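Reading the structure
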Amino acid sequence: MNFDRIKLNRRDLLKASGAALVAAGTAGTTACSDNVKPQSPGIIGKDGKRVLPWSNWSGNQHCQPTQRLVPKNEDELITAIKSAQQPIRCVGSGHSFSALVPTGHTLLSLARLRGVDNTDLNAMEADVWAGTRLSQLGKKLWAADMSVINMSDIDTQAFGGALATSTHGTGKTLGTLSTQVKSLRIANAGGDIIECSADNNADLFHAARNNLGALGVVTKARIRTEKAYYLKEHSWMMSEEEGLERAEELRDAHRHYEMYALPHGDYMLGISIDKIAQEDIPSVPPVESGDAYEAFRTLANLIDYLPFLRSWLVNFGAGGVEPETRYGPSHEIFGNLRDIRFNEMEYTVPAEVGPQCLREILQTIKKENIPVVFPIEARYIKGDDVWLSPFYQRDGFSISCHNFHDKDYKKYFAAIEPIFWKYDGRPHWGKIHTLDAKEFAARYERFDDFRRVRAEMDPHGLFLNDHLRKVLGIV
Ligand SMILES: Cc1cc2nc3c(=O)[nH]c(=O)nc-3n(C[C@H](O)[C@H](O)[C@H](O)COP(=O)(O)OP(=O)(O)OC[C@H]3O[C@@H](n4cnc5c(N)ncnc54)[C@H](O)[C@@H]3O)c2cc1C
């Protein structure tokens, strides 16, 4: 979700809010005293050292591991796996909303196995260590005159974490990050590092490119890249009806195209991104990043206080959004800084029914008067051959519904999820959903093949947690 691109006219909004805003904004704030001594968090591990609790980015998932490991290299990783006395869960940067990571045992991070090696401009390929943040990947490739083919709208994920859930950006002809992987190295529960690609251990390769951290620990991948390129991003507000009507036309006209629908409003933000030659970039001052989050938060607070004005306020805010264009190196345009905490449900439906599904969601929010103002993001992504990818053998339209981290998301998502099912939707593995193994088996032709490969890689369930047992149907 890219809030920075949705610029509300904050000054007007604040003016309009008046005294009501103060009341709404201060309600529920907790008194704070500097005399209160915080309790030391965590527990004391077997080695006598404190082990801190873990929480994900939005704070909806947490756990207290008994051990945290951050191996320095593959040898240390192998030793840790071979000597493991208890289950291990891998963590990337904790940006998943589903319970993929939580464990009461060992939490293992590859944060020290990071970097990009063997950049090859002839083959347009590079090796990426799994602990590399996507932001670092973008910068390192740029230094080698390369760019990623496509990316998500933030760049703080670890490469291994993003790979595990088929993290994606947008683009009719462009697949997920997993589809950019040519080969990878993965450590199994026996501590063996296995290499795989489409021609070598092909089943493992098809399973490992969306592995949920259930097959072992991915240490490194060889990825396909492109020659370094610049991007031009243009965003503009249009009517909701125009946005839905023109979705396919705009998708076909741009390398990347996405939409942000405004619940309870009559508007939709369109964002197109295309390659541009460096010499064609106008010398305009960089776009000010603005304070869209604060403006949206203000709007949400105000609507809580004046719910009968919800539609009017949303349309009023949307009316203040000016068209905007920005330019930059590919990784700078793809990856946005995000400190707007929210929870999220995302499903991918077949591309051809995407706008229809989005329309039904927006109508349901209005009809049921669901108290949400957070924009809904919609993106087109190319189909692929990764066994558990939401885009497996079909081009997809992903619809992402959010709510602020401190607002109730459960009722909202419960009202929306059945609409996704009606359109044959498949959930993003890293986002909130309520499906279990039976339902995944019905959605994924190769589900049992994935389970078979998992059992071969990890026969005794070293890498499992409760959530994986539920979604993979392992007793
Ligand atoms: C603000 C925000 C924006 C987002 N934007 C997008 C987006 O644009 N597109 C999109 O598709 N998703 C998006 N996501 C979701 C996110 O990309 C995925 O949930 C991703 O998996 C998170 O990566 P991570 O590094 O934080 O991994 P974590 O959440 O820490 O872990 C995810 C999974 O990866 C496994 N894992 C991590 N490292 C390894 C490894 N080395 N080997 C094996 N398994 C491993 C973990 O065990 C776990 O199962 C967004 C999330 C947030 C919070």
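Here the structure is shown first, and the text comes after it.
Residues numbered from 1 in each chain as written. Predicted model: local features only at pLDDT ≥ 70, side-chain atom pairs only at ≥ 80, totals over all residues. Heavy atoms only, no water.

**Here we look at the packing of helix 11 (residues 354–367) against helix 12 (residues 410–422)**
How two helices pack is summed up by the angle between their axes together with the distance between the axes. Taken N-terminus to C-terminus, the directions of helix 11 and helix 12 make an angle of 150°; their axes are 10 Å apart at the nearest point. In terms of axis orientation, helix 11 runs roughly antiparallel to helix 12. The crossing of helix 11 and helix 12 is right-handed. Across the interface between the two elements, Cys357, Glu360, Ile361, Thr364 and Ile365 from helix 11 touch Tyr412, Ile416, Ile419, Phe420 and Lys422 from helix 12. Of the residues that constitute the contact of helix 11 with helix 12, the class distribution is seven nonpolar, one polar and two charged. (Axes fitted to C-alpha atoms, helices over the stretch in contact; angles between N-to-C directions. Helix = DSSP H or I, 4+ residues; strand = E, 2+ residues; numbered from the N terminus. Parallel < 35°, antiparallel > 145°, perpendicular 65-115°, else oblique. Left-handed = near helix turned anticlockwise from the far one by under 90°. Contact = heavy atoms within 4.5 Å. Nonpolar A, V, L, I, M, F, W, Y, C, P; charged D, E, K, R; others polar.)

**Section: the packing of aromatic side chains**
All chains considered together, the criterion is met by 15 aromatic pairs. Aromatic pair tryptophan 142 and tyrosine 230: ring centres 5.2 Å apart, planes at 90°, arrangement edge-to-face. Placement of tryptophan 142 in helix 3 (residues 134–143) and of tyrosine 230 in strand 15 (residues 230–239) is noted, with a sequence separation of 88 residues between them. Judged by its relative accessible area of 23%, tryptophan 142 falls in the partly exposed class. Judged by its relative accessible area of 18%, tyrosine 230 falls in the buried class. Aromatic side chains phenylalanine 374 and phenylalanine 404 sit 4.8 Å apart centroid to centroid with 65° between the ring planes, which places their arrangement in the edge-to-face category. A residue pair is termed long-range when its members are at least 10 positions apart, and phenylalanine 374 in the loop between helix 11 and strand 20 (376–381) and phenylalanine 404 in strand 21 (residues 396–404) qualify at 30 residues. Of the two residues, phenylalanine 374 and phenylalanine 404, both sit in the buried class. Each residue in the set Trp57, Phe97, Phe342, Phe374 and Phe404 is aromatic and connected to the rest through ring pairs, giving one cluster. (Phe/Tyr/Trp six-rings, centres within 6.5 Å; stacked < 30°, edge-to-face > 60°. Buried < 20%, exposed > 50% of the residue type's maximum accessible area, 1.4 Å probe, protein only.)

**Some words on the site of the ligand**
The full set close to the ligand counts 38 residues, and Cys90, Gly92, His95, Ser96 and Thr165 are the nearest of them. Here cysteine 90 contributes a backbone N or O atom positioned 2.6 Å from an oxygen atom of the ligand. Relative to its unbound accessible surface of 970 Å², the ligand loses 99% to contact with the protein. Breaking the shell around the ligand down by element, the ones donating at least two residues are strand 6 (88–91), helix 4 (159–164) and strand 13 (217–224). Among the elements that line the shell around the ligand, the one with the most residues is helix 4, at four residues. When grouped by side-chain class, the residues that make up the shell around the ligand number 16 nonpolar, 17 polar and five charged. (Near = heavy atom within 4 Å. Polar contact = N/O pair within 3.5 Å; in protein donor to acceptor, adjacent residues only side chain to side chain. Areas by Shrake-Rupley, 256 points an atom, 1.4 Å probe, with all protein chains shown as cover.)

**Concerning the pattern of salt bridges**
Inspection of every chain in the model, using the stated rule, returns 35 salt bridges. Note that arginine 222 and aspartate 127 form a salt bridge whose closest N and O atoms lie 2.9 Å from each other. Note that arginine 222 is positioned in strand 13 and aspartate 127 in strand 9 (residues 125–129), a separation of 95 residues in sequence. We classify arginine 222 as buried; its relative accessible area is 16%. Residue aspartate 127 is classed as buried on the basis of its relative accessible area of 11%. (Salt bridge = Lys/Arg side-chain N within 4 Å of Asp/Glu carboxyl O.)

**Re the environment of glutamine 180**
Among the structural elements, glutamine 180 can be located in the loop between helix 4 and strand 11 (181–187). A residue is classified by how much of its surface remains accessible, and glutamine 180, at 5% relative accessible area, is buried. The sequence separation of glutamine 180 and arginine 209 amounts to 29 residues, and the corresponding C-alpha distance is 9.6 Å. Ignoring sequence-local partners within four residues, the contact set of glutamine 180 consists of Val148, Ile149, Asn150, Gly175, Arg222, Ile223 and Arg224.

**Considering the sheet that holds strand 7 (residues 106–109)**
What the three strands build is an open sheet, ordered 5-7-6; its pairing is parallel. Strands with a single pairing partner mark the edges of an open sheet, and in this sheet they are strand 5 (67–69) and strand 6. Shown here is a sheet whose adjacent strand axes are inclined to one another by a mean of 25°, direction ignored. Relative to strand 7, strand 6 runs parallel, the two being bridged by four bridges. (Pairing = 2+ DSSP bridges.)

**Looking at the sheet that holds strand 9**
Strand order in the open sheet formed by five strands is 8-9-13-11-12, with antiparallel pairing between adjacent strands. Pairing within the sheet leaves two strands with one partner each, and these edge strands are strand 8 (116–120) and strand 12 (193–197). Strand after strand, the sheet turns through a mean of 15° between neighbouring axes, direction not considered. Across five bridges, strand 11 lies against strand 12 in antiparallel orientation. In the sheet register, isoleucine 186 faces strand 12, and the bridge partner there is isoleucine 194.

**Section: a nonpolar patch on the surface**
A contiguous nonpolar surface patch, about 370 Å² in accessible area, is contributed by Phe308, Leu309 and Trp312. Summarising the element assignment, phenylalanine 308 is placed in the loop between helix 8 (292–305) and helix 9 (310–319). The class of phenylalanine 308 is exposed, set by a relative accessible area of 68%. (Patch = residues over 30% accessible without salt bridge, like charges linked within 9 Å, V, L, I, M, F, W, Y side chains within 5 Å.)

Honestly, that's just the spatial picture; any functional story needs more than this.
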